[in-house]
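Observations on chain architecture
Chain residues, written in single-letter form:
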Amino acid sequence: MEESVKTDVLIIGAGPTGLSLACQLIRYGVDFVMIEKNESITPDSKAIGVQARTLEIYDQLGLAQRAIDQGSIGTKALLLTDGKIRGEIDFTNIGRGSSPFPFVLILEQSKNEKLLYEYLQNHKKEVQWKTELEHFSQTEAGVTAKIKNGNNGQSQTIEAKYLVGCDGPKSLVRHVLGLPFEGSTFERMFYVADAKIDWSFSHDALHICLSTNSFVIFFPLKGERRYRIVGVFPQEFTKDEGEVLYEEIEGRVKNVSKLKMNIHDVEWFSTYKVHTRHASKFSEGRCFLAGDAAHIHSPAGAQGMNTGIQDAYNLAWKLALAIKEGFTHNLLDTYSAERLENAKHLLKTTDRVFEFGAGPEWYLIFLRMKVLPKVAKFLLSLKAVKNYVFPLISEIGIKYPLSELSRHDGDRNFKVKAGDRMPYFMIEGKSVYDKLSQPKFHLLLFSNSTLESQTLKSELGGQFEAIIDLSSLPLSGEVVKSFGANIPFCVLLRPDNHIGFISAEIKPDVLKNYFDRFIRNT
């Protein structure tokens, strides 16, 4: 007799996005079943950039320091043309004061997946490996899916309240939902390889080799002389993916870089064409898309893996409140609205970066070959440039100002607005994020008087206690600097630490109106 299992959430795919979603659901005490057609986490390095926002998410799981210990921090980049160093960029202070992790961590996807998978196992959860989704259907009440185990060929029926497709760019979930995946494909072919390199350069920098019609970048990996090599073939290169021999890649690397080197101990290499696409929406009924199933783009800026992890971070708390607290589907609708808008912006940004790095137009060639190496160091030393570049690359600058969850009634006189990520600063000698680790909404009351806090707690009573953590914090100089206001005020943070509202009115009605108006059943 066919086995049937009931659960809260069925997760399809155990890559970084699916594993991250599972880890977040564990934090919220939400049950799930997770399947993956492969037999284990990826053995290949694949994505390698871990951004500050991802490390902030990892920190809530207790994984940030472990990730840092296993990776390497990018401190500088050397810009080369014709085999000679033409410029240098110092990344040391690029994100200081903006995040507890003011850097880009270089850590292979395989190691990220291992950290997340170990978190699952440590919490007595497991992935059903070598198991595929056969088909599914949904009603207003839930989702019914049939899965098949590749080891024994047995089928199983899963009855879930929700289904999340984290099953990659060829997503079966997206296909069954009938959601368009429109966009374009770059005609240029990328190549990637992990190997050891013997050369005259030190192992503490990125090496970016620019040319008139291509580029090749060397990222230092953990381990002696280990590098990730990323580049692109010229437009006239016509071979298909899978037909390219490693020798052609190495030849191209040496031709573009014009450097003397010995590449050896190649661990892994691949070629691929870049697609830039996103689904028309990220949800349909009780089914959701996340990560590459929802959007794919150029690898420029090391955004892909990080964006999938942020998708999971955004979705998990909304699923948890719908399942455990009976919040309406209006809350779940904000997932697609928020993350689709972010994906559209990301695709445009990464496309522009790629065009600058390899575009054939004469003015782009002139800018990257002659201008960029000379001015890059100076530009990145400017505070205004750093304040633009780091939030963009690190993903701490993602905001949701137009979201139904962002109420702007009271934020007019504040520098920070509803929808923004909670600014990072030190308070009472510690990171303000240390106070935001519980998987709840956070109501932060900034005042130098304890009266407001005591009054608010008394007036609220036990209302919202299950979903809101209330903290009273001093109105310090750092707070005034970050928010641009020196009067007592309160901030409601969503569980993903984006701001729901800011208000100088410290009254229970402000809080009640927020939940009644936007997300709570009445």
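Everything that follows concerns the structure shown earlier in this document.
What counts, and at which threshold
Each chain has its residues counted from 1, following the order in which its sequence is written. Given that this is a predicted model, residues contribute local features only at a pLDDT of at least 70 and side-chain atom pairs are listed and counted only at 80 or more, while totals for whole chains, interfaces and linings are drawn from all residues. Processing note: side-chain calculations cover all non-hydrogen atoms of the structure and skip hydrogens and water entirely. Using a 1.4 Å probe on the protein chains alone, a residue whose accessible area is under 20% of its type maximum counts as buried, one over 50% counts as exposed, and one in between counts as partly exposed. Helical segments are the DSSP runs of H or I of at least four residues, strand segments are the runs of E of at least two, and each set is numbered from the N terminus. DSSP calls a pair of strands paired once it identifies at least 2 bridges connecting them. Note on aromatic contacts: the rings of Phe and Tyr and the six-membered ring of Trp form a pair at centre separations within 6.5 Å, being stacked when their planes are under 30 degrees apart, edge-to-face when over 60 apart, and tilted otherwise. For this analysis, a polar contact is any N or O atom pair within 3.5 Å, provided that within protein one partner can donate a hydrogen and the other can accept it, and provided that sequence-adjacent residues contribute only side-chain to side-chain pairs. One less than the number of residues in a helix, times 1.5 Å, gives the span that helix is expected to have. Contact definition: two residues touch when any of their heavy atoms are within 4.5 Å. Salt bridge, as applied in this entry: a Lys or Arg side-chain nitrogen positioned within 4 Å of an Asp or Glu carboxyl oxygen.

This paragraph deals with the pairing of strand β24 (residues 499–503). Among the 5 residues that make up β24, 5 are buried, leaving the element largely enclosed by the rest of the structure. Pairing geometry for strand β23 (residues 489–493) and β24, over 4 bridges, is antiparallel. Counted as the bridge partner of L492 is F501 from β24. Turn length for the β23-β24 hairpin, with the two strands adjacent in sequence and antiparallel, is 5 residues, and the turn residue N497 shows positive phi of about 65°.

Quick look at the packing of aromatic side chains now. With the rule as written, the count across this model stands at 25 aromatic pairs. Measuring from centroid to centroid gives 6.4 Å for F327 and F515, while their planes differ by 80°, and the two rings are edge-to-face. With F327 in the loop between α7 (304–325) and α8 (329–358) and F515 in helix α13 (residues 508–518), this residue pair connects regions lying 188 residues apart in the sequence. Since its relative accessible area comes to 5%, F327 is described here as buried.

Here the focus is the side chain of R27. Looking at where R27 falls in the secondary structure, it is placed in helix α1 (residues 16–27). There is a polar contact of 2.7 Å between the side chain of R27 and the backbone oxygen of S437.

A word on α1. Between its terminal C-alpha atoms α1 stretches 17 Å, which fits the 16 Å expected from 12 residues at 1.5 Å a residue. Among the residues of α1, P16, T17, G18, L19, S20, L21, A22, C23, Q24, L25, I26 and R27 are the ones counted as buried. Once α1 finishes, G29 follows within two positions and takes phi at roughly 70°, a positive value.

Turning our eyes to something else, we now look at the environment of S437. Secondary-structure assignment places S437 in the loop between β20 (430–431) and β21 (441–446). On the accessibility criterion, S437 (40% relative accessible area) is partly exposed. A sequence separation of 375 residues divides S437 from G62, and the C-alpha atoms of the two residues are 10.0 Å apart. With sequence-adjacent residues up to four places away left out, S437 is seen in contact with R27, Q60 and H442.

Considering the arrangement of structural elements, one finds E118 in helix α4 (residues 109–122). Sequence separation of E118 and L19 is 99 residues, and the distance between their C-alpha atoms is 10.0 Å. Within polar-contact distance, the side chain of E118 engages the side chain of K114 at 2.5 Å.

Let us now look at the pattern of salt bridges. Evaluation of the coordinates by the stated rule reveals 22 salt bridges. One salt bridge in this structure joins R226 and E267, with 2.7 Å as the shortest N-O distance. Taken together, the residues R226 in strand β14 (residues 226–232) and E267 in strand β15 (residues 262–279) connect sequence positions 41 residues apart. Exposure remark for R226: the relative accessible area of 12% places this residue in the buried category. The network of salt bridges with shared partners includes E108, K111, R226 and E267.

Moving on: unusual backbone geometry. Phi angles above zero are rare outside glycine, and D265 is one such case at about 50°. Within the secondary structure, D265 sits in strand β15. Even without being glycine, E428 reaches a positive phi, approximately 55°. Within the secondary structure layout, E428 lies in the loop between β19 (426–427) and β20. Judged by relative accessible area, which is 57%, E428 ranks as exposed.

Turning next to the pairing of β14. Among the 7 residues that make up β14, 7 are buried, leaving the element largely enclosed by the rest of the structure. Along β14, one buried face is formed by R226, R228, V230 and V232 and the opposite face, lined by Y227, I229 and G231, is buried too. Examined bridge by bridge, strand β13 (residues 215–220) and β14 share 5 bridges and lie antiparallel to one another. Within β14, the residue paired with F219 across the bridge is R228. Here β13 hands over to β14 after 5 residues, with G223 in that stretch at a positive phi of 115°.

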